[in-house]
Amino acid sequence: MNGTNSTDRRNYRSLIIAGTGTIGTSLVSLGADLFSLFDHIYALDRNEKALEPLQHSGITCCCGDISDAGYVNTFLRQVPGPSLLVNLCAGTNNVRIRNSLAGHDTAYLDSCASMTDDPDECRFSRLMPYTYSSIKTGLPHWLCWGINPGLVEIIARRMLATLTEKTCGYNVTVYEFDRLTGPDNQDKAAVGWCPEALVEEVMLAPTMVLENGIPLEESGAGTRYCTVNWGSEAIPARVVGHEDIWNLADIPAVRNGRFYYGLSPAVMEILAMDNPKKARDMLYIPRHGQEITGLEQVAVQVDGRTMAAPRTMVWTEDHRETWKRFGVNAVQYQTAKSLLLAIMLLQRTDYGFLPLSCSASNLPISSRQWPLFEQFMEELDINWQDGAALNLHPLQE
């Protein structure tokens with residue numbers, strides 16, 4: 001970038017939202033102000049029924065499969081460029097999709113690791129190197145941008161940038177505690193995002209941590225049990241392998257990293273069963289009209305030998321409040337807001353011209369560019385607060 005903090009650009013004429021599921025519809029619900037900066041908005045999904053809620057939104061809806069390179073080529077020839085495609089489709093080979101975009105005037109953004117040619121592969125030690133396959137492109141490809149992965153790495157980098165000792169090997173720990181509860185149901189429990197992906201992440205993928213700058217993955221399937229101190233509670237959690245833990249290795253000041261993930265007691269009990277198929281059937285995303293309650297909290301903690309105490313930042317949202325105000329739960333809200341931050345940076349700043357394939361951990365950010373992130377987070381009401389009072393730390397692992 002040229003070092004300026006200009007935010008009045010409109011780098012792309014068209015925005016394409018591929019995948020109109022849980023997060024895609026949330027992006028539409030929350031993104032009206034930002035979408036006005038594009039001349040054309042498209043929604044793309046292979047399931048025609050998934051597009052029905054958007055038919056009268058002013059968005060051009062197209063039924064098609066983003067994994068079909070022939071369809072993508074035909075579709076993009078009709079889209080006024082330059083364009084930005086946001087891939088929110090679950091379980092896709094993102095590398096192949098990115099390759100199909102490379103010959104077009106189209107930038108790319110996604111929120112999770114790519115699948116490989118093996119549909120049953122869920123080890124992050126295999127998924128992440130493939131995700132970052134080199135592809136020659138003339139426009140940005142931003143990979144694994146959501147709240148975690150994505151925004152948690154930005155927050156960690158922001159905290160690290162304020163520390164005076166730059167060479168110390170710091171520990172970065174991500175904590176999440178999702179207390180979402182839905183209507184009483186003896187057989188099922190409510191979750192805020194894709195049950196299939198949640199089961200894969202917790203019950204099938206092994207624990208992975210960052211130690212001495214190297215991602216280390218355990219050999220057995222399923223994540224390790226642990227207990228975390230959260231405020232005045234000892235909560236059951238899992239040490240989860242995750243894109244952000246892999247990505248933290250790209251931040252030079254980071255030495256060790258972990259992700260501790262806790263959910264409501266009902267969900268944790270289901271995840272404790274040694275039956276992934278049954279667990280998937282017992283988890284559900286609440287529908288509109290159903291009552292939901294509980295807080296969703298994501299925290300990032302930085303600690304190091306030169307620090308008198310860890311520093312913790314936390315973003316808290318109330319499921320009931322976001323449900324009432326925006327028609328989305330707090331997980332959807334935080335993920336969509338984080339994606340909107342990335343879209344704003346790509347559309348409104350010089351970042352939109354940099355042909356970089358990068359994650360939130362290795363995106364170039366200078367001291368003069370941090371005010372852009374802070375300005376945009378304020379505009380989006382992304383509200384990180386001091387989380388020292390939570391006294392977050394593992395009790396048993």
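Everything here concerns the structure above.
Residues numbered from 1 in each chain as written. Predicted model: local features only at pLDDT ≥ 70, side-chain atom pairs only at ≥ 80, totals over all residues. Heavy atoms only, no water.

Remarks on the sheet that holds strand β3 (residues 60-63)
Each strand in a sheet pairs with another by means of backbone hydrogen bonds, the pair being arranged parallel or else antiparallel.
1) Next: With respect to topology, seven strands assemble into an open sheet ordered β3-β2-β1-β4-β5-β6-β17, the strand pairing being parallel. Looking at the sheet topology across the chains shown, the edges are occupied by β3 and β17 (357-358).
2) Next: Taken together, the two bridges between strand β5 (residues 106-110) and strand β6 (residues 141-142) define a ladder with parallel strand orientation. Counterpart to Y108 in the pairing with β6 is H141.
3) Next: Contacts from helix α4 (residues 94-101) reach β4 (83-87), β5, β6 and β17 within the one sheet, and its direction differs from that of β5 by about 165°. (Pairing = 2+ DSSP bridges. Helix = DSSP H or I, 4+ residues; strand = E, 2+ residues; numbered from the N terminus. Contact = heavy atoms within 4.5 Å. Axes fitted to C-alpha atoms, helices over the stretch in contact; angles between N-to-C directions.)

Quick look at the nonpolar core
1) Next: Of all hydrophobic cores here, the largest spans 97 residues; its most connected members are L27, W142, L151 and W384.
2) Next: Counting residues per element, this core draws most heavily on helix α12 (residues 330-348), which supplies ten residues.
3) Next: Setting aside its immediate chain neighbours within four residues, W384 contacts L151, V152, I155, V298, A299, V300, M313, V314, W315 and M377.
4) Next: In this structure, C62, V72, L76 and L101 belong to the second largest nonpolar core, which totals 16 residues. (Core = buried A, V, L, I, M, F, W, Y, C linked by side-chain atoms within 4.5 Å. Buried < 20%, exposed > 50% of the residue type's maximum accessible area, 1.4 Å probe, protein only.)

Examining the packing of helix α6 (residues 151-161) against helix α13 (residues 370-379)
1) Next: Contact geometry for α6 and α13: axes closest at 12 Å, N-to-C directions at 130°. By the criterion of interaxial angle, the relationship of α6 to α13 is oblique. Two packed elements cross with a definite hand, and for α6 against α13 that hand is left-handed. Facing α6, whose interface residues are L151, I154, I155, R157, R158 and A161, α13 presents W370, F373, E374 and M377.
2) Next: Split by residue class, the contact of α6 with α13 holds seven nonpolar, no polar and three charged. (Parallel < 35°, antiparallel > 145°, perpendicular 65-115°, else oblique. Left-handed = near helix turned anticlockwise from the far one by under 90°. Nonpolar A, V, L, I, M, F, W, Y, C, P; charged D, E, K, R; others polar.)

Overview of unusual backbone geometry
The general pattern is negative phi for most residues beyond glycine and trans for most peptide bonds.
1) Next: A cis amide bond, omega -5°, links G81 with the succeeding residue P82.
2) Next: Residue N148 is joined to P149 through a cis peptide bond whose omega torsion reads 5°.
3) Next: Looking at the element boundaries, P149 is found in the loop between β6 and α6.
4) Next: With a phi close to 55°, N212 is a non-glycine residue in the positive phi region.
5) Next: Along the chain, N212 turns up in the loop between β9 (208-211) and β10 (214-217).

What about the pattern of salt bridges?
When their charged atoms lie close together, side chains carrying opposite charge are able to pair.
1) Next: Under the criterion given, the structure shown has eleven salt bridges.
2) Next: Its salt-bridge partner being R348, residue E379 comes within 2.9 Å of it at the nearest N-O pair. Placement of the pair is E379 in helix α13 and R348 in helix α12, with a sequence separation of 31 residues.
3) Next: Residue classification places E379 among the partly exposed positions, given a relative accessible area of 45%.
4) Next: One network of salt bridges, in which partners are shared, links E211, E218, R224, R258 and E397. (Salt bridge = Lys/Arg side-chain N within 4 Å of Asp/Glu carboxyl O.)

Some points on the packing of aromatic side chains
1) Next: Applying the stated criterion to the full structure yields twelve aromatic pairs.
2) Next: Through successive ring pairs, a cluster of aromatic residues spans W142, W145, Y351, W370 and F373.
3) Next: Here R238 stacks its cationic end above the ring of Y225, 3.9 Å away from the centre of that ring. (Phe/Tyr/Trp six-rings, centres within 6.5 Å; stacked < 30°, edge-to-face > 60°. Lys NZ or Arg CZ within 6 Å of the ring centre and 35° of its normal.)

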